[in-house]
Amino acid sequence: MSFAPLPDLILEPIIRNALMEDLGSYGDVTTRAVVPHNTRYSARLIAREAGIASGMQTAAIAFRLVDPALTIKCLVPDGMTFTKGQTLMEISGNAGSILSGERVALNFAGRLSGIATMTAAFVENTRGTCARITCTRKTTPGLRLVEKQAVLHGGGFNHRYSLSDAILIKDNHIAAAGGVGNVLSAVRTTASHMMKVEIEVDQLEQLAEVLELGGADVVLLDNMDNETLKKAVDMVNGRLKTEASGNVTIDRISAIAATGVDYISAGALTHSAKTVDLGLDF
């Protein structure tokens, strides 16, 4: 699947920070010392294992920020599958510029392709059900935007991007506010009509209270076993959107999806994905 890219302007600050971290205060001293400044070269970004592409846009931005004169040709766009040994991108121009941008470009492309590849595996295990796979806010600090994009590239969906996107009432909110009734009453009087409301429950008794009181759009069914999830979905009976969360693994995902939940959120997509092995060959 192909995706319309975000404007480079949005992504550039993230990538610029990564480049500054890598280049330090005096740039790539090794390359400047050993590679003649006018040397030109062509390099290929190669997949050393199969996966789903993500981070191709960020890799291209990394090279362009180092040297806008580099010529970059993306052969496998974000969201597309690739095989072991396939060339994903070609970069040509000043050899020193390519070498100086190499590590940051590979870090982004490998990490984000790993997230997309893991997401695709989760999605594949829900086929034939209504369940959609979503990520969480368990992202690498400073990299949430690109990691959530990688989830989309893998066929998943995004949960909220930040605390300001939607109201998600969790167990600690309920405890601090004095109960389910109190939080739902408060949210009805304070929330904008444009703001969605989700509430977390971990017991069917809490779910019954939520259904009786109203005020929520989505209910998060937290750390429930598969049998309890099925009972919860039956209780809701389409009145709210349902989301399963907690202890979501690739081995269990099919069984969770079979309970009939609308969404399954998995922090593992962004905090436990294995980086795809990519290399830059001169």
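The structure this text deals with has already been given above.
Since we're looking at a predicted model, the values are computed, not measured.

Thresholds, definitions, all that
Residues numbered from 1 in each chain as written. Predicted model: local features only at pLDDT ≥ 70, side-chain atom pairs only at ≥ 80, totals over all residues. Heavy atoms only, no water. Pairing = 2+ DSSP bridges. Helix = DSSP H or I, 4+ residues; strand = E, 2+ residues; numbered from the N terminus. Axes fitted to C-alpha atoms, helices over the stretch in contact; angles between N-to-C directions. Contact = heavy atoms within 4.5 Å. Core = buried A, V, L, I, M, F, W, Y, C linked by side-chain atoms within 4.5 Å. Buried < 20%, exposed > 50% of the residue type's maximum accessible area, 1.4 Å probe, protein only. Phe/Tyr/Trp six-rings, centres within 6.5 Å; stacked < 30°, edge-to-face > 60°.

### Notes on the sheet that holds strand 8 (residues 197-201)
Backbone hydrogen bonds are what pair the strands of a sheet, in a parallel or an antiparallel way. Strand order across the open sheet formed by six strands is 6-11-10-9-8-7, with parallel pairing between neighbours. Bordering the open sheet on either side are strand 6 (132-134) and strand 7 (167-169), each of which pairs with just one other strand. The mean angle between the axes of side-by-side strands here comes to 25°, regardless of whether they run parallel or antiparallel. Here four bridges tie strand 8 to strand 9 (residues 218-222), and the two strands are oriented parallel to one another. Note that in strand 9 the partner of glutamate 198 across the bridge is valine 218. Taken strand by strand, helix 7 (residues 180-190) contacts strand 7 and strand 8, and its axis lies near 175° from that of strand 8.

### A look at the nonpolar core
One finds Ile199, Leu221, Ile264 and Leu278 to be the most contacted residues of the largest nonpolar core, which totals 71 residues. Beyond its immediate stretch of four places on either side in the chain, isoleucine 264 contacts Ala131, Arg132, Ile133, Thr134, Ala244, Val248, Ile253, Ile256 and Ala257.

### Details of the packing of aromatic side chains
In this structure the tally under the stated criterion is one aromatic pair. Their ring planes at 35° and their centres at 4.8 Å tell us that tyrosine 41 and phenylalanine 282 sit as a pair that is tilted. With tyrosine 41 in strand 1 (residues 40-47) and phenylalanine 282 in the segment after strand 12 (278-281), this residue pair connects regions lying 241 residues apart in the sequence. You can call tyrosine 41 partly exposed: its relative accessible area is 42%.

### Digging into the side chain of threonine 136
Looking at the element boundaries, threonine 136 is found in the loop between strand 6 and helix 5 (144-153). Threonine 136 sits in the buried class, given a relative accessible area of 13%. Ignoring sequence-local partners within four residues, the contact set of threonine 136 consists of Lys148, Ser265, Ala266 and Gly267.

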